[in-house]
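# A closer look at the structure
Listed here are the chains, written in short residue letters.
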2 protein chains.
Amino acid sequence: MQRKSFSGMNCSIARSLEEVGEWWSLLIVREMTQGMNRFDQFQKELGIARNILTARLERLTELGIVERYPLPDRASTEGYRLTPKGEDLYPVLLAMLRWGNRYKVDEPPLQLVHKSCGHNIDPLMVCNGCKEELHRRELRAYFTETAW
Amino acid sequence: MQRKSFSGMNCSIARSLEEVGEWWSLLIVREMTQGMNRFDQFQKELGIARNILTARLERLTELGIVERYPLPDRASTEGYRLTPKGEDLYPVLLAMLRWGNRYKVDEPPLQLVHKSCGHNIDPLMVCNGCKEELHRRELRAYFTETAW
DNA sequence: CAGTATCCTCGAGGATACTG
DNA sequence: CAGTATCCTCGAGGATACTG
(Lines give C-alpha, C1' and ligand atoms only; values in the text may rest on other atoms or scores of the structure.)
Protein backbone atom coordinates (compact mmCIF):
# COMPACT_ATOMS: atom_id res chain seq x y z
CA MET A 1 0.00 0.00 0.00
CA GLN A 2 1.57 3.18 -1.11
CA ARG A 3 -0.90 5.24 0.77
CA LYS A 4 0.53 7.51 3.36
CA SER A 5 0.66 5.96 6.76
CA PHE A 6 -2.73 5.33 8.19
CA SER A 7 -1.43 4.39 11.57
CA GLY A 8 -2.00 7.99 12.50
CA MET A 9 -5.63 7.66 11.63
CA ASN A 10 -6.57 6.44 15.08
CA CYS A 11 -9.14 4.12 13.67
CA SER A 12 -9.28 0.45 14.41
CA ILE A 13 -10.96 -0.26 11.14
CA ALA A 14 -8.23 1.49 9.18
CA ARG A 15 -5.63 -0.43 11.14
CA SER A 16 -7.40 -3.70 10.51
CA LEU A 17 -7.55 -2.94 6.82
CA GLU A 18 -3.87 -2.15 6.93
CA GLU A 19 -3.21 -5.70 8.05
CA VAL A 20 -5.78 -7.77 6.23
CA GLY A 21 -7.62 -5.34 3.99
CA GLU A 22 -5.85 -6.59 0.97
CA TRP A 23 -7.69 -9.04 -1.20
CA TRP A 24 -5.79 -12.24 -0.78
CA SER A 25 -5.08 -12.02 2.90
CA LEU A 26 -8.59 -12.67 4.10
CA LEU A 27 -9.09 -15.41 1.55
CA ILE A 28 -5.95 -17.15 2.74
CA VAL A 29 -7.20 -16.85 6.29
CA ARG A 30 -10.48 -18.34 5.15
CA GLU A 31 -8.68 -21.30 3.62
CA MET A 32 -6.92 -21.85 6.91
CA THR A 33 -10.17 -21.89 8.83
CA GLN A 34 -11.11 -24.70 6.47
CA GLY A 35 -8.06 -26.69 7.43
CA MET A 36 -5.84 -25.89 4.46
CA ASN A 37 -2.26 -25.73 5.65
CA ARG A 38 0.12 -26.19 2.73
CA PHE A 39 1.54 -23.84 0.12
CA ASP A 40 0.33 -25.73 -2.89
CA GLN A 41 -3.13 -26.16 -1.45
CA PHE A 42 -3.56 -22.42 -1.15
CA GLN A 43 -2.09 -21.86 -4.55
CA LYS A 44 -4.33 -24.34 -6.26
CA GLU A 45 -7.46 -23.50 -4.34
CA LEU A 46 -7.21 -19.74 -4.76
CA GLY A 47 -5.46 -19.54 -8.11
CA ILE A 48 -3.05 -16.99 -6.70
CA ALA A 49 0.38 -16.43 -8.25
CA ARG A 50 3.09 -18.30 -6.39
CA ASN A 51 5.29 -15.32 -5.68
CA ILE A 52 2.36 -13.34 -4.37
CA LEU A 53 1.32 -16.20 -2.15
CA THR A 54 4.83 -16.31 -0.74
CA ALA A 55 4.69 -12.59 0.00
CA ARG A 56 1.26 -12.80 1.63
CA LEU A 57 2.19 -15.72 3.83
CA GLU A 58 5.33 -13.93 4.93
CA ARG A 59 3.44 -10.81 5.80
CA LEU A 60 0.70 -12.66 7.63
CA THR A 61 3.38 -14.46 9.59
CA GLU A 62 5.16 -11.23 10.49
CA LEU A 63 1.89 -9.81 11.70
CA GLY A 64 1.33 -12.78 13.96
CA ILE A 65 -1.78 -13.88 12.16
CA VAL A 66 -0.24 -17.05 10.77
CA GLU A 67 2.44 -19.38 12.09
CA ARG A 68 4.41 -22.38 10.90
CA TYR A 69 4.15 -25.73 12.57
CA PRO A 70 5.60 -29.16 11.90
CA LEU A 71 3.27 -31.37 9.94
CA PRO A 72 2.71 -34.62 11.79
CA ASP A 73 2.58 -36.80 8.70
CA ARG A 74 5.28 -35.35 6.51
CA ALA A 75 8.48 -34.83 8.44
CA SER A 76 10.29 -32.66 5.92
CA THR A 77 7.99 -29.66 5.68
CA GLU A 78 6.09 -27.30 7.88
CA GLY A 79 2.52 -26.23 7.45
CA TYR A 80 0.77 -22.94 8.03
CA ARG A 81 -1.95 -22.33 10.53
CA LEU A 82 -3.73 -19.48 12.24
CA THR A 83 -2.53 -18.07 15.52
CA PRO A 84 -5.12 -16.98 18.08
CA LYS A 85 -4.94 -13.52 16.55
CA GLY A 86 -5.70 -15.11 13.22
CA GLU A 87 -8.53 -17.20 14.61
CA ASP A 88 -10.02 -14.03 15.94
CA LEU A 89 -10.64 -12.88 12.40
CA TYR A 90 -13.42 -15.41 12.25
CA PRO A 91 -16.18 -12.91 13.06
CA VAL A 92 -14.96 -10.68 10.26
CA LEU A 93 -15.26 -13.56 7.83
CA LEU A 94 -18.69 -14.44 9.16
CA ALA A 95 -19.88 -10.87 8.78
CA MET A 96 -18.65 -10.80 5.19
CA LEU A 97 -20.13 -14.17 4.42
CA ARG A 98 -23.46 -13.03 5.69
CA TRP A 99 -23.41 -9.84 3.70
CA GLY A 100 -22.22 -11.58 0.56
CA ASN A 101 -24.93 -14.21 0.88
CA ARG A 102 -27.55 -11.60 1.42
CA TYR A 103 -26.86 -9.49 -1.61
CA LYS A 104 -25.91 -12.00 -4.21
CA VAL A 105 -29.15 -13.68 -5.02
CA ASP A 106 -27.89 -14.99 -8.34
CA GLU A 107 -25.95 -17.72 -6.62
CA PRO A 108 -27.47 -19.98 -4.01
CA PRO A 109 -26.24 -18.73 -0.65
CA LEU A 110 -24.21 -21.11 1.35
CA GLN A 111 -26.03 -22.19 4.43
CA LEU A 112 -24.16 -22.70 7.67
CA VAL A 113 -25.40 -25.03 10.34
CA HIS A 114 -24.63 -24.65 14.01
CA LYS A 115 -23.72 -28.16 15.08
CA SER A 116 -24.47 -27.68 18.74
CA CYS A 117 -28.03 -26.48 18.24
CA GLY A 118 -28.80 -27.65 14.74
CA HIS A 119 -29.93 -24.22 13.67
CA ASN A 120 -29.35 -22.73 10.23
CA ILE A 121 -27.16 -19.78 11.01
CA ASP A 122 -27.69 -16.19 10.16
CA PRO A 123 -24.82 -14.78 12.20
CA LEU A 124 -25.87 -11.96 14.46
CA MET A 125 -23.80 -9.17 15.97
CA VAL A 126 -24.97 -8.67 19.50
CA CYS A 127 -24.06 -6.70 22.58
CA ASN A 128 -22.18 -8.90 25.00
CA GLY A 129 -24.11 -7.30 27.82
CA CYS A 130 -27.76 -7.59 26.88
CA LYS A 131 -27.38 -9.97 23.91
CA GLU A 132 -29.52 -7.73 21.77
CA GLU A 133 -28.58 -7.25 18.14
CA LEU A 134 -26.47 -4.17 17.54
CA HIS A 135 -27.70 -1.36 15.34
CA ARG A 136 -25.64 1.66 14.64
CA ARG A 137 -27.91 4.23 16.16
CA GLU A 138 -27.86 2.48 19.48
CA LEU A 139 -24.13 2.89 19.89
CA ARG A 140 -22.13 5.68 21.36
CA ALA A 141 -18.37 5.98 21.04
CA TYR A 142 -16.67 6.35 24.35
CA PHE A 143 -13.84 8.79 23.70
CA THR A 144 -14.66 10.71 20.57
CA GLU A 145 -17.71 11.15 18.49
CA THR A 146 -16.47 10.39 15.03
CA ALA A 147 -13.30 8.35 15.37
CA TRP A 148 -13.89 4.66 15.65
CA MET B 1 -8.78 -5.00 -9.54
CA GLN B 2 -6.99 -6.59 -12.39
CA ARG B 3 -7.39 -10.01 -10.95
CA LYS B 4 -9.23 -12.46 -13.09
CA SER B 5 -12.90 -12.58 -12.34
CA PHE B 6 -13.65 -13.94 -8.95
CA SER B 7 -17.33 -14.17 -9.51
CA GLY B 8 -16.70 -17.77 -10.47
CA MET B 9 -15.20 -18.41 -7.11
CA ASN B 10 -18.53 -19.22 -5.55
CA CYS B 11 -17.52 -17.67 -2.30
CA SER B 12 -19.50 -14.98 -0.58
CA ILE B 13 -16.42 -13.62 1.07
CA ALA B 14 -14.66 -13.22 -2.25
CA ARG B 15 -17.70 -11.52 -3.67
CA SER B 16 -17.93 -9.19 -0.71
CA LEU B 17 -14.29 -8.29 -1.10
CA GLU B 18 -14.95 -7.64 -4.74
CA GLU B 19 -17.40 -4.95 -3.76
CA VAL B 20 -15.94 -3.39 -0.67
CA GLY B 21 -12.59 -5.10 -0.17
CA GLU B 22 -10.74 -2.13 -1.39
CA TRP B 23 -9.26 0.14 1.17
CA TRP B 24 -11.24 3.30 0.87
CA SER B 25 -14.65 1.80 0.33
CA LEU B 26 -15.15 0.54 3.84
CA LEU B 27 -13.75 3.72 5.31
CA ILE B 28 -16.18 5.78 3.30
CA VAL B 29 -18.98 3.55 4.51
CA ARG B 30 -17.74 4.07 8.02
CA GLU B 31 -17.88 7.84 7.58
CA MET B 32 -21.45 7.52 6.42
CA THR B 33 -22.45 5.55 9.48
CA GLN B 34 -21.14 8.54 11.40
CA GLY B 35 -23.42 10.88 9.55
CA MET B 36 -20.97 12.31 7.04
CA ASN B 37 -22.82 12.98 3.81
CA ARG B 38 -20.91 15.48 1.70
CA PHE B 39 -18.03 15.19 -0.72
CA ASP B 40 -15.72 17.59 1.01
CA GLN B 41 -16.38 16.06 4.38
CA PHE B 42 -15.18 12.68 3.20
CA GLN B 43 -12.25 14.22 1.43
CA LYS B 44 -11.09 16.19 4.42
CA GLU B 45 -11.79 13.52 6.99
CA LEU B 46 -10.09 10.69 5.13
CA GLY B 47 -7.41 12.61 3.28
CA ILE B 48 -8.29 10.79 0.09
CA ALA B 49 -7.47 12.25 -3.32
CA ARG B 50 -10.47 13.97 -4.85
CA ASN B 51 -10.52 12.01 -8.09
CA ILE B 52 -10.30 8.75 -6.20
CA LEU B 53 -13.11 9.78 -3.92
CA THR B 54 -15.23 10.55 -6.97
CA ALA B 55 -14.51 7.10 -8.38
CA ARG B 56 -15.26 5.33 -5.12
CA LEU B 57 -18.53 7.13 -4.58
CA GLU B 58 -19.59 6.32 -8.12
CA ARG B 59 -18.79 2.69 -7.70
CA LEU B 60 -20.49 2.42 -4.33
CA THR B 61 -23.53 4.04 -5.86
CA GLU B 62 -23.56 1.63 -8.80
CA LEU B 63 -23.37 -1.26 -6.38
CA GLY B 64 -26.37 0.01 -4.49
CA ILE B 65 -24.43 0.58 -1.31
CA VAL B 66 -24.71 4.35 -1.43
CA GLU B 67 -27.37 6.67 -2.78
CA ARG B 68 -27.85 10.38 -3.33
CA TYR B 69 -30.53 12.32 -1.58
CA PRO B 70 -31.52 15.96 -1.44
CA LEU B 71 -30.03 17.78 1.49
CA PRO B 72 -32.76 19.47 3.50
CA ASP B 73 -30.73 22.55 4.41
CA ARG B 74 -28.86 23.29 1.20
CA ALA B 75 -31.16 23.17 -1.78
CA SER B 76 -28.50 23.17 -4.49
CA THR B 77 -26.66 19.95 -3.72
CA GLU B 78 -27.34 16.37 -2.91
CA GLY B 79 -25.73 14.35 -0.18
CA TYR B 80 -24.63 10.75 0.02
CA ARG B 81 -26.03 8.19 2.36
CA LEU B 82 -26.12 4.45 2.85
CA THR B 83 -28.83 2.32 1.35
CA PRO B 84 -30.14 -0.64 3.36
CA LYS B 85 -27.53 -2.77 1.63
CA GLY B 86 -24.92 -0.31 2.80
CA GLU B 87 -26.30 -0.20 6.33
CA ASP B 88 -25.99 -3.95 6.40
CA LEU B 89 -22.24 -3.60 6.26
CA TYR B 90 -22.37 -2.47 9.83
CA PRO B 91 -21.59 -5.90 11.30
CA VAL B 92 -18.50 -6.07 9.08
CA LEU B 93 -17.32 -2.76 10.45
CA LEU B 94 -18.03 -3.86 13.99
CA ALA B 95 -16.11 -7.08 13.51
CA MET B 96 -13.13 -5.16 12.17
CA LEU B 97 -13.34 -2.58 14.90
CA ARG B 98 -13.29 -5.29 17.50
CA TRP B 99 -10.34 -7.06 15.97
CA GLY B 100 -8.40 -3.84 15.47
CA ASN B 101 -9.03 -2.80 19.05
CA ARG B 102 -7.97 -6.15 20.33
CA TYR B 103 -4.61 -6.35 18.62
CA LYS B 104 -3.41 -2.80 18.68
CA VAL B 105 -2.53 -2.21 22.27
CA ASP B 106 -0.33 0.74 21.47
CA GLU B 107 -3.33 2.97 21.00
CA PRO B 108 -6.15 3.17 23.47
CA PRO B 109 -9.01 1.16 22.04
CA LEU B 110 -12.17 2.98 21.33
CA GLN B 111 -14.93 1.90 23.62
CA LEU B 112 -18.48 1.61 22.34
CA VAL B 113 -21.44 1.92 24.61
CA HIS B 114 -24.78 0.31 23.98
CA LYS B 115 -27.24 3.09 24.72
CA SER B 116 -30.18 0.85 25.42
CA CYS B 117 -28.48 -1.21 28.10
CA GLY B 118 -25.55 0.98 29.06
CA HIS B 119 -23.08 -1.83 28.57
CA ASN B 120 -19.57 -1.36 27.19
CA ILE B 121 -19.70 -3.34 24.01
CA ASP B 122 -17.48 -6.13 22.89
CA PRO B 123 -19.49 -7.12 19.82
CA LEU B 124 -20.26 -10.82 19.70
CA MET B 125 -21.09 -13.00 16.74
CA VAL B 126 -23.83 -15.36 17.77
CA CYS B 127 -26.09 -17.97 16.31
CA ASN B 128 -29.51 -16.50 15.70
CA GLY B 129 -31.02 -19.74 16.91
CA CYS B 130 -29.43 -20.42 20.27
CA LYS B 131 -27.71 -17.06 20.76
CA GLU B 132 -24.45 -18.78 21.61
CA GLU B 133 -21.21 -17.28 20.35
CA LEU B 134 -20.05 -18.80 17.09
CA HIS B 135 -16.76 -20.64 16.86
CA ARG B 136 -15.52 -22.09 13.67
CA ARG B 137 -15.41 -25.70 14.71
CA GLU B 138 -19.06 -25.62 15.60
CA LEU B 139 -20.15 -24.79 12.09
CA ARG B 140 -20.91 -27.01 9.18
CA ALA B 141 -21.42 -25.74 5.65
CA TYR B 142 -24.68 -26.87 4.18
CA PHE B 143 -23.83 -27.55 0.55
CA THR B 144 -20.12 -28.04 0.26
CA GLU B 145 -17.36 -28.59 2.70
CA THR B 146 -14.83 -26.01 1.68
CA ALA B 147 -16.64 -23.35 -0.28
CA TRP B 148 -18.09 -20.64 1.88
C1' DC C 1 -18.69 23.48 -2.48
C1' DA C 2 -18.56 19.38 -5.53
C1' DG C 3 -16.53 17.85 -8.33
C1' DT C 4 -13.47 17.18 -13.20
C1' DA C 5 -9.08 16.87 -15.71
C1' DT C 6 -4.26 15.78 -16.08
C1' DC C 7 -0.30 13.64 -15.22
C1' DC C 8 2.41 10.76 -12.51
C1' DT C 9 4.18 6.84 -9.29
C1' DC C 10 4.49 2.46 -7.58
C1' DG C 11 3.26 -1.68 -5.78
C1' DA C 12 0.01 -5.51 -6.16
C1' DG C 13 -0.64 -9.12 -8.87
C1' DG C 14 0.13 -12.45 -12.91
C1' DA C 15 2.85 -15.86 -15.67
C1' DT C 16 6.20 -18.96 -15.85
C1' DA C 17 10.65 -21.24 -15.66
C1' DC C 18 13.69 -22.95 -12.41
C1' DT C 19 15.61 -25.39 -7.91
C1' DG C 20 16.67 -28.24 -3.55
C1' DC D 1 6.32 -30.23 -2.96
C1' DA D 2 7.54 -25.47 -1.48
C1' DG D 3 9.04 -22.26 -2.78
C1' DT D 4 12.46 -18.46 -5.53
C1' DA D 5 13.60 -15.52 -9.49
C1' DT D 6 12.43 -12.67 -13.38
C1' DC D 7 9.98 -9.82 -16.00
C1' DC D 8 5.84 -7.61 -17.01
C1' DT D 9 1.11 -5.08 -16.73
C1' DC D 10 -2.13 -2.13 -15.04
C1' DG D 11 -4.97 0.05 -12.04
C1' DA D 12 -5.25 2.21 -7.50
C1' DG D 13 -3.98 6.10 -5.56
C1' DG D 14 -1.76 10.87 -5.05
C1' DA D 15 -1.17 15.87 -6.19
C1' DT D 16 -2.91 19.73 -7.91
C1' DA D 17 -4.97 23.17 -10.94
C1' DC D 18 -9.24 24.29 -12.74
C1' DT D 19 -14.63 25.05 -13.15
C1' DG D 20 -19.84 25.94 -12.62
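Residue positions are given per chain, counting from 1 as you read along its sequence in written order. Chain letters and ligand numbers both follow the written order, the letters beginning at A and the numbers at 1. In view of the model being predicted, local features appear only for residues whose pLDDT reaches at least 70, and side-chain atom pairs are presented and counted only at 80 or more, with totals across whole chains, interfaces and linings using the full set of residues. With hydrogens and water set aside, each side-chain value is computed from the structure's full complement of heavy atoms.

### Thoughts on the overall build of chain A
For chain A, the helix and strand inventory stands at six helices and six strands. The numbering of helices and of strands both runs from the N terminus, where a helix is a DSSP run of H or I of at least 4 residues and a strand a run of E of at least 2. Ordered by position in the sequence, the α and β elements of chain A form the string α-α-α-α-β-β-α-α-β-β-β-β. Per-residue burial for chain A yields a buried fraction of 51% across its 148 residues. The contact definition used throughout considers only heavy atoms, calling two residues in contact when any of these lie within 4.5 Å. Looking at chain A alone, contacts between residues at least 24 apart form 40% of all its contacts between residues at least 6 apart. A simple rule labels every residue: compare its accessible area, found with a 1.4 Å probe on the protein chains alone, to the largest value its type can have, and call it buried under 20%, exposed over 50%, or partly exposed in between.

### What about the environment of Val 29 of chain B?
All names here are of chain B. Structurally, the position occupied by Val 29 is in helix α2 (residues 23-33). Separated by 13 residues in the primary sequence, Val 29 and Phe 42 place their C-alpha atoms 10.0 Å from one another. Once residues lying within four places of it in the same chain are set aside, the contact partners of Val 29 are Ile 65, Leu 82, Gly 86, Leu 89 and Leu 93.

### A word on the sheet that holds strand β6 (residues 139-141) of chain A
With antiparallel pairing, three strands are arranged side by side in an open sheet as β6(A)-β3(B)-β4(B). The outermost strands of the open sheet, each flanked by one partner alone, are β6 of chain A together with β4 (120-121) of chain B. In short, DSSP must find at least two bridges between two strands for them to pair.

### A look at the interface of chain B and chain A
It is common to give the size of an interface as the accessible area lost on bringing the parts into contact. Contacts between the two partners involve 89 residues from chain B and, on the opposite side, 89 residues from chain A. Where chain B abuts chain A, roughly 9000 Å² becomes buried across the two surfaces, and 66% of that area is made up of carbon and sulfur atoms. In the sections that follow, a salt bridge refers to a side-chain nitrogen of Lys or Arg positioned within 4 Å of a carboxyl oxygen of Asp or Glu. Counting every contact that joins chain B to chain A gives four salt bridges. Across the pair Glu 87 of chain A and Arg 136 of chain B runs a salt bridge, and its minimum N-O distance is 2.6 Å. Polar contact criterion, stated in full: a pair of N or O atoms within 3.5 Å, where within protein one must be able to donate a hydrogen and the other to accept it, and residues adjacent in sequence count only if both atoms are side-chain atoms. Here chain B and chain A share 28 residue pairs in polar contact (both at pLDDT 80 or more) between them. For the side of chain B that touches chain A, the leading source of residues is helix α6 (residues 90-102) of chain B, giving 13 residues. All amino acids are sorted into three groups, where Ala, Val, Leu, Ile, Met, Phe, Trp, Tyr, Cys and Pro are nonpolar, Asp, Glu, Lys and Arg are charged, and the leftover types, Gly among them, are polar. Partitioned by chemical class, the residues of the side of chain B that touches chain A number 46 nonpolar, 20 polar and 23 charged. Relative to strand β5 (residues 124-126) of chain B, strand β5 (residues 124-126) of chain A runs antiparallel, the two sharing three bridges. Residue pairing across strands places Val 126 of chain A opposite Leu 124 of chain B, the latter belonging to β5 of chain B. When two components associate, each loses some accessible surface as probed by a 1.4 Å sphere; the sum of these losses over both components is called the buried area.

### Digging into the side chain of Thr 83 of chain B
Residues and elements named next belong to chain B. Secondary-structure assignment places Thr 83 in the loop between β2 (78-82) and α5 (84-87). For Thr 83, a relative accessible area of 8% puts it in the buried group. A polar contact is formed between the side chain of Thr 83 and the backbone oxygen of Gly 64, at a distance of 2.5 Å. For Thr 83, the contacting residues outside a window of four places in its chain are Gly 64, Ile 65, Val 66 and Glu 67.

### Thoughts on the nonpolar core
Each nonpolar core is a collection of buried residues, namely Ala, Val, Leu, Ile, Met, Phe, Trp, Tyr and Cys, held together in the definition by side-chain atoms within 4.5 Å. By size, the foremost hydrophobic cluster in this structure holds 83 residues, and its most contacted members are Leu 27 and Ile 65 of chain A together with Leu 27 and Ile 65 of chain B. Residues within four places of Ile 65 of chain A in sequence aside, it is in contact with Glu 19, Val 20, Val 29, Leu 60, Arg 81, Leu 82, Thr 83, Lys 85, Gly 86 and Leu 89 of chain A together with Trp 99 of chain B.

### What to know about the domain arrangement of chain A
All names here are of chain A. Here the limits of each domain have been adopted from an automatic or database domain assignment. Split into domains, chain A comes out as domain 1 (12-83) and domain 2 (90-147). Inter-centroid distance (C-alpha atoms) of domain 1 to domain 2 is 24 Å. Listed as interface residues are four residues of domain 1 and, on the opposing side, four residues of domain 2. Across the domain 1-domain 2 interface, the total number found is zero salt bridges. The interface formed by domain 1 and domain 2 includes zero residue pairs in polar contact (both at pLDDT 80 or more).

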